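Architecture and fold: a report
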Amino acid sequence: MNAKTPSLRRLRRLSLVGSVAAGTVLLLAGPAAAHVSIPGTAEKGGYGTIAIKVPNEKDDASTVKLEVTLDPKHPLSSVMPQPVPGWDVKVEKSKLDKPIQSHGKTITEAVTKVTWSGGKIEPGQFQQFPLSVGQLPTDADELVFKALQTYSDDDVVRWIDPSKPGGHEAEHPAPTLKLVEKTSPDHHDKDAKGDKNSDAKADAGQDEASDSGDKDASDTTARVLGVVGIVVGVAGVAFGIVAGRRRNA
């Protein structure tokens, strides 16, 4: 009885370690919850193409409609959707309370809502809905695009929650386009401009190398933990078999 007890204890410990290691690997390698989002950034005061990424988060229903409302605080003079195969698009405009100026013209109305319908995003898939937008504001750090995602079972998910203080993510965060300062060359000194561009490229290369190193380190850690979890799990099973044979003997 006393000889069997330590073996059983060791078996339990090995099994527990294997479970913890496997759980750690899943935590490191597992993807974050999928939300309707706008990946990337855009320059302030410029024009650009953004893509609203819409994943299907249900296993038993398809996404059949997407309604996107533009930020009313920062109306845009130009909003043009790119055709998406299988989807119909509707663009709605509204009169502005305060007209805006764009390229010497006074704009009295702007696009306030874009709706895609008629298509399907099946379970386990996602779809991107591109928009060409501009002129982006210079006095804001982000643009909020509130979205309503409708499923084939008539369920509507409202991606309209504002971001929470402290960096905590809301339950249904509104898709947000991050705006960054526009990079402009220095025209005062041609030679200085060349030097600055060279420095910028060098810095960008260093940043990319740093990011690549960080990603490689993260991937290596995940692989090592995965191998450790598998080895420990196999060792636990083998030890259990040996302990069982000894107990029978």
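Going by the structure above, here's the rest.
Reading the values: the criteria
- Residues numbered from 1 in each chain as written.
- Predicted model: local features only at pLDDT ≥ 70, side-chain atom pairs only at ≥ 80, totals over all residues.
- Heavy atoms only, no water.
- Helix = DSSP H or I, 4+ residues; strand = E, 2+ residues; numbered from the N terminus.
- Buried < 20%, exposed > 50% of the residue type's maximum accessible area, 1.4 Å probe, protein only.
- Contact = heavy atoms within 4.5 Å.
- Areas by Shrake-Rupley, 256 points an atom, 1.4 Å probe, with all protein chains shown as cover.
- Phe/Tyr/Trp six-rings, centres within 6.5 Å; stacked < 30°, edge-to-face > 60°.
- Lys NZ or Arg CZ within 6 Å of the ring centre and 35° of its normal.
- Pairing = 2+ DSSP bridges.
- Axes fitted to C-alpha atoms, helices over the stretch in contact; angles between N-to-C directions.
- Polar contact = N/O pair within 3.5 Å; in protein donor to acceptor, adjacent residues only side chain to side chain.

Glancing now at the overall build of the protein. Within the protein, the regular secondary structure consists of two helices and eleven strands. Secondary structure of the protein in N-to-C order comes out as α-β-β-β-β-β-β-β-β-β-β-β-α. Taken over 249 residues, the protein has a buried fraction of 28%. Long-range contacts, defined as pairs at least 24 residues apart, comprise 73% of the intrachain contacts of the protein with a sequence gap of at least 6. For the protein, the exposed area adds up to about 16500 Å²; of that, 53% sits on carbon and sulfur atoms.

What follows concerns unusual backbone geometry. Backbone torsion omega between G134 and Q135 reads -10°, so that peptide bond is classified as cis. For Q135, the location among the structural elements is in the loop between β7 (126-134) and β8 (142-144). Phi at D154 is positive, roughly 75°, even though this residue is not glycine. Turning to its location among the elements, D154 is positioned in the loop between β9 (146-151) and β10 (156-159).

So, on to the packing of aromatic side chains. Across all of its chains, the model carries two aromatic pairs by this definition. On the basis of an interplanar angle of 45° and a centroid distance of 5.0 Å, the ring pair of W116 and F129 is categorised as tilted. Taken together, the positions of W116 in strand β6 (residues 105-121) and F129 in strand β7 put the pair 13 residues apart, joining distant regions of the chain. Neither residue differs from the other here; W116 and F129 are each classed as buried. Ring-pair connections join several aromatic residues into one group, and the members of that group are W87, W116 and F129. Across the ring face of F126, the terminal group of K53 is positioned such that the distance to the ring centre comes to 4.9 Å.

The strand order β5-β6-β3-β9-β10 describes an open sheet built from five strands, whose pairing is antiparallel. At either end of the open sheet lies a strand with only one pairing partner, and these are β5 (88-102) and β10. Going from strand to strand, the sheet's axes swing by 15° on average, the running direction of each strand aside.

Attention now goes to the environment of N56. By the element assignment, N56 lies in the loop between β2 (48-55) and β3 (63-69). Using a relative accessible area of 8% as the deciding quantity, one classes N56 as buried. As a C-alpha pair, N56 and P123 span 67 residues in sequence and 5.5 Å in three-dimensional space. Leave out the neighbours within four places in its chain, and N56 touches A61, S62, T63, I121, E122, P123, G124, Q125, Q149 and Y151. Of the polar contacts made by the side chain of N56, one reaches the backbone oxygen of A61; its length is 3.1 Å.

Quick look at the sheet that holds β2 now. The sheet built from three strands is open, its strands ordered β2-β7-β4 with antiparallel pairing. Every interior strand has two partners, whereas the edge strands, β2 and β4 (78-81), have only one. Put simply, the sheet's adjacent strands are angled 25° from each other on average, direction ignored. Sheet topology note: the β2/β7 ladder contains eight bridges and is antiparallel.

Right, let's talk about the pairing of β7 for a bit. Bridge count for β4 against β7 is four bridges, and the pairing is antiparallel. What sits directly across from S78, in β7, is G134.

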